[in-house]
Amino acid sequence: MQKSKPWGRFWAGVRSEVPLLLGVAPFGMIYGVLALQAGLSPLQAQVMSSVVFAGSAQFMTVQLIASLTPALVIVLTGFVINLRHLLYSASIAPWVQGLSLRWKALLAYLLTDEAYAVAIVNYRQNGQQDGEHWFFLGAGLALWATWQVSTAVGILLGAVIPSSWGLDFALPLTFIALVVPGLRHRADGLTALAAGGLAVVLMGLPFKLGLVLSSLMAIGVGLWLEGRTQ
């Protein structure tokens, strides 16, 4: 098994992540602004970016907090939104199975959409060489640092932008920007339409439960469509 130089692979991971960071930073700033407008303190907003570290879940949590949604519903919604990470984990597990528990825990924390995208491509290109987990670490830490800094910038902006400006529109626009580029197949588009339609139909349910149910039902639709195309 070929051995790679740890820091060389680390910086290779950072460099591979840089193009994606240009798109991540604006979302971090928007989150920081919206978090303050939802009633979170600057410390709470920053800690959420460090602990939760999941853009889509953070945006939805901020919206639910602003709507005075019960904590249990917020947690359940975040769980549903992040179910895709189970697929990421299953996909990348064979490449990291030989690592120590400490390494696995660290990389699991850093496993985001963008970090997974560059890490899995690298693993498929270079195989399970000794030291390739440093590439994963570099990509993940680059994204983590960018998200923390952009959140802090957004918090600073949110402190001076009056709530009367009504930046709530930025939340749906953000999700549209996140979702649309990923709709590459017919099943993707139909699943997105199902999710949107179900969310509208079920929006009258209490405690924002319509969001949770529409997400789960749309996942079922996506799995059914995926099975029909195979």
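Shown above is the structure to which this text applies.
Residues numbered from 1 in each chain as written. Predicted model: local features only at pLDDT ≥ 70, side-chain atom pairs only at ≥ 80, totals over all residues. Heavy atoms only, no water.

Caption draft 1: Here's a closer look at the layout of surface pockets. As a volume, the second largest pocket reaches approximately 300 Å³. Lining of the second largest pocket is provided by 13 residues; of these, Ala 57, Val 75, Gly 78, Phe 79 and Asn 82 occupy positions nearest its centre. Only helix H3 (55-66), helix H4 (71-81) and helix H5 (84-96) provide two or more residues apiece to the lining of the second largest pocket. Here the lining of the second largest pocket takes four residues from H4, the largest share from any one element. Residue composition of the lining of the second largest pocket, grouped by class: eight nonpolar, five polar and no charged. (1 Å grid on protein atoms, 1.4 Å probe; cavity = no way out; pocket = protein on both sides within 12 Å on 5 of 7 lines; lining within 4 Å. Points joined across faces, edges and corners; volume = space filled by probe spheres on them. Helix = DSSP H or I, 4+ residues; strand = E, 2+ residues; numbered from the N terminus. Nonpolar A, V, L, I, M, F, W, Y, C, P; charged D, E, K, R; others polar.)

Caption draft 2: Region of the structure containing the pattern of salt bridges. Tallied over the entire structure, the rule returns one salt bridge. With a closest N to O distance of 3.1 Å, Glu 132 and Arg 9 form a salt bridge. Residue Glu 132 is located in the loop between helix H7 (113-126) and helix H8 (133-160), and its partner Arg 9 is located in helix H1 (residues 6-37); the two are separated by 123 residues in the primary sequence. Each member of the pair, Glu 132 as well as Arg 9, carries the same accessibility label: buried. (Salt bridge = Lys/Arg side-chain N within 4 Å of Asp/Glu carboxyl O. Buried < 20%, exposed > 50% of the residue type's maximum accessible area, 1.4 Å probe, protein only.)

Caption draft 3: Main features of a nonpolar patch on the surface. Among the surface-exposed residues, Leu 205, Leu 209, Leu 213, Leu 216, Met 217, Ile 219 and Leu 223 lie close enough to one another that they form a single nonpolar patch of about 580 Å² accessible area. For Leu 205, the position within the fold is in the loop between helix H10 (186-201) and helix H11 (209-229). Accessibility expressed as a relative area gives 35% for Leu 205, which makes it partly exposed. (Patch = residues over 30% accessible without salt bridge, like charges linked within 9 Å, V, L, I, M, F, W, Y side chains within 5 Å. Areas by Shrake-Rupley, 256 points an atom, 1.4 Å probe, with all protein chains shown as cover.)

Caption draft 4: Structural view of the packing of helix H6 (residues 101-109) against H8. For the pair H6 and H8, the least separation of the axes is 9 Å and the interaxial angle reads 40 degrees. Between H6 and H8, the angle falls in the class oblique. Note on packing geometry: the crossing formed by H6 with H8 is left-handed. Contacts from Trp 103, Leu 106, Leu 107 and Tyr 109 in H6 reach His 133, Trp 134, Phe 136, Leu 137 and Trp 144 in H8. A breakdown of the residues in the contact of H6 with H8 according to their chemical character gives eight nonpolar, one polar and no charged. (Axes fitted to C-alpha atoms, helices over the stretch in contact; angles between N-to-C directions. Parallel < 35°, antiparallel > 145°, perpendicular 65-115°, else oblique. Left-handed = near helix turned anticlockwise from the far one by under 90°. Contact = heavy atoms within 4.5 Å.)

Caption draft 5: Geometry of the side chain of Thr 151. Relative to the assigned elements, Thr 151 resides in helix H8. In this structure Thr 151 comes out as buried when scored by relative accessible area, which is 0%. The contacts of Thr 151, once residues within four sequence positions are left out, are Gly 28, Tyr 31, Gly 32, Ala 45, Gln 46 and Ser 49.

Caption draft 6: Structural detail: the packing of H1 against H7. Across the interface, H1 lies against H7 with an axial gap of 9 Å and an inter-helix angle of 140 degrees. In this view, H1 runs oblique relative to H7, as classed from their interaxial angle. The handedness of the crossing between H1 and H7 is right-handed. Facing H1, whose interface residues are Arg 9, Ser 16, Glu 17, Leu 20 and Val 24, H7 presents Glu 114, Ala 115, Val 118, Asn 122 and Asn 126. When the residues that make up the contact of H1 with H7 are grouped by side-chain class, the tally is four nonpolar, three polar and three charged.

Caption draft 7: Here's a closer look at the nonpolar core. Formed by 36 residues in total, the largest nonpolar core has its most connected members in Tyr 31, Ile 92, Leu 107, Phe 136 and Leu 137. Only H1, helix H2 (42-51), H3, H5, H6, H7 and H8 provide two or more residues apiece to this core. It is H1 that contributes the most residues to this core, nine residues altogether. Residues contacting Phe 136, with those up to four places away along its chain left out, are Ile 92, Leu 107, Leu 110, Leu 111, Ala 115, Ala 119 and Tyr 123. (Core = buried A, V, L, I, M, F, W, Y, C linked by side-chain atoms within 4.5 Å.)

Caption draft 8: Main features of the environment of Val 96. Within the fold, Val 96 resides in helix H5. For the pair Val 96 and Tyr 123, spaced 27 residues apart in sequence, the C-alpha to C-alpha distance is 9.7 Å.

Caption draft 9: Looking closely at the environment of Tyr 109. Residue position: Tyr 109 is located in helix H6. Under the relative-accessibility criterion, Tyr 109 is labelled partly exposed at 33%. Remark: the alpha-carbon pair of Tyr 109 and Val 51, spanning 58 residues in sequence, is separated by 9.1 Å. The residues touching Tyr 109, leaving out its near neighbours within four places in the chain, are Ser 50, Val 51, Phe 53 and Trp 144. A polar side-chain atom of Tyr 109 sits 2.4 Å from the main-chain carbonyl oxygen of Ser 50. (Polar contact = N/O pair within 3.5 Å; in protein donor to acceptor, adjacent residues only side chain to side chain.)

By themselves, these are just geometric observations and shouldn't be taken as functional.
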